[in-house]
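# Commentary on secondary and tertiary structure
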Amino acid sequence: MSSPEPTVIRALLARQTGWVSGGDLAKKLGVTRVAVWQYIEKLRAAGFGIETRRSSGYRLVSPPPDAHAGLIEAQLKIRPRGFSLTVLDETDSTNDEAARQLAAGRVAPFAIIARRQTKARGRLGRPWHAPANGNLYISFAFRPQLAPARMTPFTLWMGLNLCELIANATALKPGLKWPNDLIFEGRKAGGILTEARVDADQIRDLVFGLGLNLNSPAAAWPADLGQRAVSLAELTGASLDFNRLTTAVIGRVLLAYQRFVDGDYAENFATLWHRYDVLRGRTVTLLEGTRRHPGTVLGVDDEGALLLKTGRGRTHRFPAGEVTLEKTPAA
Ligand code: BTN
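Rules of the game
- Residues numbered from 1 in each chain as written.
- Predicted model: local features only at pLDDT ≥ 70, side-chain atom pairs only at ≥ 80, totals over all residues.
- Heavy atoms only, no water.
- Helix = DSSP H or I, 4+ residues; strand = E, 2+ residues; numbered from the N terminus.
- Buried < 20%, exposed > 50% of the residue type's maximum accessible area, 1.4 Å probe, protein only.
- Near = heavy atom within 4 Å.
- Polar contact = N/O pair within 3.5 Å; in protein donor to acceptor, adjacent residues only side chain to side chain.
- Areas by Shrake-Rupley, 256 points an atom, 1.4 Å probe, with all protein chains shown as cover.
- 1 Å grid on protein atoms, 1.4 Å probe; cavity = no way out; pocket = protein on both sides within 12 Å on 5 of 7 lines; lining within 4 Å.
- Sits in = over half its atoms within 2 Å of the grid points.

### Digging into the environment of Val278
- By secondary structure assignment, the location of Val278 is in the loop between helix H10 (266–276) and strand S10 (283–288).
- A relative accessible area of 28% places Val278 in the partly exposed class.
- The spacing of Val278 and Val297 is 19 residues in sequence and 9.7 Å in space, taken between C-alpha atoms.

In structure tokens, the structure reads:
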């Protein structure tokens, strides 16, 4: 018999905060009421707040604070064929784990969430702070089989989709700092790390990693990050439903990926970039290897390269690099 967990979770979710009768659940699952009680106990042990009343049954009062695969799967509205999700307690890096599983032949697309990572990485090999603190660490694995040149605006497109999602799901105003930083009120709440394996001129394996600061408390940041990093919970003043937001992220990423592969994104790209770009018109220094290019940001081109107007009034395009914002002079 397949696991009863999704049925129990779906029944609880369907009644929202209403009661679900133990007898009805037992009938649906073809098991005894004692067995239903055991499943409920298992969910409680996983962090679900479930109330029991003798005459009424069970009701969900609070979702688990941590990632729960069954709950995410039960809430997911879209599911591309073959999609699967794994939730781990700990791994070195979800990007590395996804790459290993792709190499071992796991059917794609899939996603891996870890509650904590011991060797999480950001761009340029920088470490990413990833203890078990209520933040989201997730990597998606795809096999796009597209020419590498087609992939250039991928990270930017995904970042824009995440901004759209957060803007719609919360009262927050996200911004995107080229190429991969999710910015709120001048501080970073998320970063993207896209990695690919190219074979015979095709992107064979693609891993899209996202670190999104959801629920970490302000006091938990190490001193060097405290000024620069922020979580969505700090910004909204309340903790977020981890599994609900993670489900929304997964749904959005899968949809955005499909639109990207179908080539159905170009029109929206410029409009969205305009909406979320935090660099446009700002004076910056772009670091390209060891070379520094000061200038004013004009935006990005269709391939996602940064357009910079330098001192001599010329426009240069930079497919890659690291941007530092120059301080706006005090008025
Ligand atoms: C950056 O801002 O430089 C990108 C940070 C990306 C961090 C995420 S957390 C999930 C995934 N696993 C990793 O090792 N890195 C990405």
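Now, onward.
### Considerations on the site of the ligand
- The local shell around the ligand holds 20 residues, among which Ser93, Gln117, Arg121, Arg123 and Lys188 are the closest.
- Between Gln117 and the ligand, the recorded distance is 3.0 Å, taken from a side-chain N or O atom to a nitrogen atom.
- The separation between an oxygen atom of the ligand and a polar side-chain atom of Lys188 is 2.6 Å.
- Protein contacts shield 97% of the accessible area of the ligand, which totals 420 Å² for the unbound molecule.
- The site holding the ligand turns out to be the largest pocket.
- Elements supplying a minimum of two residues to the shell around the ligand: helix H5 (94–103), strand S5 (136–142), strand S8 (187–199) and strand S9 (202–212).
- Ranked by the residues each element gives to the shell around the ligand, the list is headed by S8, at four residues.

Honestly, that's just the spatial picture; any functional story needs more than this.
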